[in-house]
Amino acid sequence: MPATRNRALQVGIYLFLLIWLLFTLFPIYWIFVTSIKSAMAVQGPRPTFIPWVDFTPNLDAFKSIFGSGGGYGVSGLGNLTLLMRNSFVAAFTSALIAVVLGAMAAYALTRFRYRRWKNRDIAFWIVSQRMFPPVALVVPFYILFNRFDMLDRLSSLIIVYTAGSLPLVVWLLRDYFADLPIEIEEAAMVDGASRFGAFFRIALPLSLPGLVVAFLFAFVFAWNEFLLALTLTLDRAKTLPLQLAGNVSVQGTRYWDIAAQGLIVMAPPLLIALLLGRYLVRGLTLGAVK
Amino acid sequence: MTSSPAYTPAAGRASHHRRDWSEQNAKYVFLMPAILYLLVLGVFPLIFSAYLVFSSWQAGSGITFVGLDNIKRILVDDRFWSAVSRTLIYVALAAGLELLFGLLIALSLQAATRGKALLRLTLALPILLPPIAISFAWKMLFDFNRGPVNYFLDVMGLPPVLWLAGQTSALLSLIVVDIWQWTPFVALATLAALESLSTEIYEAAVVDGAGVWAVLRDITLPLLAPYLVAIVLLRAIDAFKVFDTVYVLTGGGPGTATELLSFYAYAAGFRTFNMGFTATVAWAIVILMSIIFYFYLRAFRRIEEM
């Protein structure tokens, strides 16, 4: 149904989209608005919605979670900086390794022809790695990392996160390299450049936007990951989602604190989504349509 | 899938051999690191976990072979079987409703005249957000006493609902969160498919005087069907794995009312330290998924042939 001029239909369409938009944005808004509420505004007789109208906003929740003294129960957050550092290092490093390995593999899949194991089958095998439920990998990872005394180490998380995002990175970049004009590389190689030179000096710089998009997707995947962090880390290598989930067992409804923590976990992916813009939509839907 | 033939240099014969040799090397040097990485971190753990199905593991004593014990146990385990049927309900309802809403959103976006880019981006936001964080957002929204959802119900004169603590409503609440986060994916993928369809067909139909509904029913949906089959499959695969929202929102409760398979596998192993049993449940999930998707794809091939 291409753009229609039917007036009634247009009104109906926008009404429906508006309702879905509200549905989409409200939970995000609610986390934000709860994080600047006081205990009174959360626990009052009815929910409060709009700062300065319904309640007086403050930054107490942020002060308390960033402060070093005010710990209580599981969410004793004096170590918030450590958690943020862990989450960032795990996400950044795993995304970087995945993009390096993934770019090479994606380049190979678009520039060489493999005979015994066809390109198509290799690509499909790589993507199919994502089909397995993570819970199937959790036990072997736990036992193996335990055996090598690598539980609760950031390096273990980096290793498994790289494996988790690698298939997606290959899939995204394969599409990107396939769209690059091959002639420039051919010309360079006629002029004496090696295949490695063609890759590093021509293909990589030309595909920089694609590499950035793939990196950001891999970063978000690792940043958001919970099940592996839950089973493989405990304390030293703990990440933000794990800390946030710890609030499940906290008694009472300290929602303002939880919301402030939630906002901190949510902020990087939200920023990345806005930064990606139209690449976000393209990257998300690539696998489904091609 | 595009693959170009290997480059053969037109340069002099002397360098030809060296070039061919380095080209052959490059072919494997580029591909192998990723393949080896996935073999070690993806395939090997799965094989190891298949071995664990026949073992029991304790932190101190290591792996002991127990034969078919885990499999016998799972076959008579009521909690496992109710987790299976519960997961099937969850996957069918979530993927089905996401298809319905996603299709409506995609068609609406395609027909919309203004603000498409902004709408697209805004609608896509939930997909990238951390499931743990959004689970807490929904925990606050669903709060029985202070949550806005029950408040709105009250304003409309309806009784409050025990969203996360009711036998049926808890599972439905999890499905709502799934729909919230993943309908945008279905919508955007469907929209991408719609935009890849040729516009000539539409123009011809409009020239022939076909109405909006006739075009939708006779042209758009049949052309879209193969894409929708693939999109729903991707959603169903992901819905099978759902864990984070269960962990935060219900913890599998009330009782075992929202114990979905991934959560049950985790709870059965990591809370009782019976790793062999978790591996068995995990493999049961893999096998179950394979069977269902095999028949799913076969059913649609049948329909397409008719």
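All of these numbers come straight from a predicted model, not from anything done at the bench. (Residues numbered from 1 in each chain as written. Chains lettered and ligands numbered in written order. Predicted model: local features only at pLDDT ≥ 70, side-chain atom pairs only at ≥ 80, totals over all residues.)

## Quick look at the nonpolar core
Right, so step 1: If you look at the biggest cluster of nonpolar residues, it comprises 179 residues, and the most contacted ones within it are Ala-105, Val-169, Ala-214 and Ala-218 of chain A together with Ala-133, Tyr-264 and Val-281 of chain B.
Right, so step 2: Of the residues forming this core, the biggest block, 18 residues, is contributed by helix H7 (residues 169-196) of chain B.
Right, so step 3: The contacts of Ala-214 of chain A, once residues within four sequence positions are left out, are Val-99, Gly-102, Val-169, Leu-172 and Leu-173 of chain A. (Core = buried A, V, L, I, M, F, W, Y, C linked by C-beta atoms within 7 Å. Buried ≥ 20, exposed ≤ 12 C-beta atoms within 10 Å, placed from the backbone. Helix = DSSP H or I, 4+ residues; strand = E, 2+ residues; numbered from the N terminus. Contact = placed C-beta atoms within 7 Å.)

## Here we look at the pairing of strand E2 (residues 62-65) of chain B
Residue and element names in this part refer to chain B.
Right, so step 1: Taken together, the 4 bridges between strand E1 (residues 55-58) and E2 define a ladder with antiparallel strand orientation. Within E2, the residue paired with Trp-57 across the bridge is Ile-63.
Right, so step 2: With antiparallel pairing between neighbouring strands as the criterion, E1 and E2 make up a hairpin whose turn holds 3 residues. (Pairing = 2+ DSSP bridges.)

## Brief notes about the confidence of the model for chain B
All names here are of chain B.
Right, so step 1: Residues at a pLDDT of 70 or more form 92% of chain B, whose mean pLDDT is 87.
Right, so step 2: Below pLDDT 50 for its whole length, residues 1-14 participates in 23 contacts with residues either more than four positions away or in separate chains.
Right, so step 3: Among the scores for the predicted complex, ipTM is 0.91 and pTM is 0.91. (pLDDT = per-residue confidence, 0-100.)

## Quick notes on the environment of Leu-119 of chain B
Right, so step 1: With respect to the helices and strands, Leu-119 of chain B occurs in helix H4 (residues 116-128).
Right, so step 2: Exposure remark for Leu-119 of chain B: the 19 C-beta atoms within 10 Å place this residue in the partly exposed category.
Right, so step 3: Filtering out sequence-adjacent residues up to four positions away, Leu-119 of chain B remains in contact with Leu-17 of chain A together with Leu-109 of chain B.

## Considerations on the environment of Tyr-161 of chain A
Residue and element names in this part refer to chain A.
Right, so step 1: Turning to its location among the elements, Tyr-161 is positioned in helix H7 (residues 154-179).
Right, so step 2: A tally of 26 C-beta atoms within 10 Å means that Tyr-161 is categorised as buried.
Right, so step 3: Remark: the alpha-carbon pair of Tyr-161 and Ala-222, spanning 61 residues in sequence, is separated by 5.8 Å.
Right, so step 4: Discounting residues that sit within four places of it in the chain, Tyr-161 has contacts with Ala-90, Ser-94, Ala-222 and Glu-225.

## A word on the interface of chain B and chain A
Right, so step 1: With 100 residues of chain B at the contact, the number on the chain A side is 91 residues.
Right, so step 2: The dominant element in the side of chain B that touches chain A, judged by the number of residues it contributes, is helix H1 (residues 13-52) of chain B, at 17 residues.

## Description of helix H11 (residues 261-270) of chain B
Right, so step 1: Among the 10 residues in H11 of chain B, 9 count as buried, and that is most of the element.
Right, so step 2: Within the sequence span of H11 of chain B, burial applies to Leu-261, Ser-262, Phe-263, Tyr-264, Ala-265, Tyr-266, Ala-267, Ala-268 and Gly-269 of chain B.

## Things to note about the environment of Tyr-29 of chain A
Right, so step 1: Summarising the element assignment, Tyr-29 of chain A is placed in helix H1 (residues 7-35).
Right, so step 2: With 213 residues separating them along the chain, Tyr-29 of chain A and Leu-242 of chain A place their C-alpha atoms 22 Å apart.

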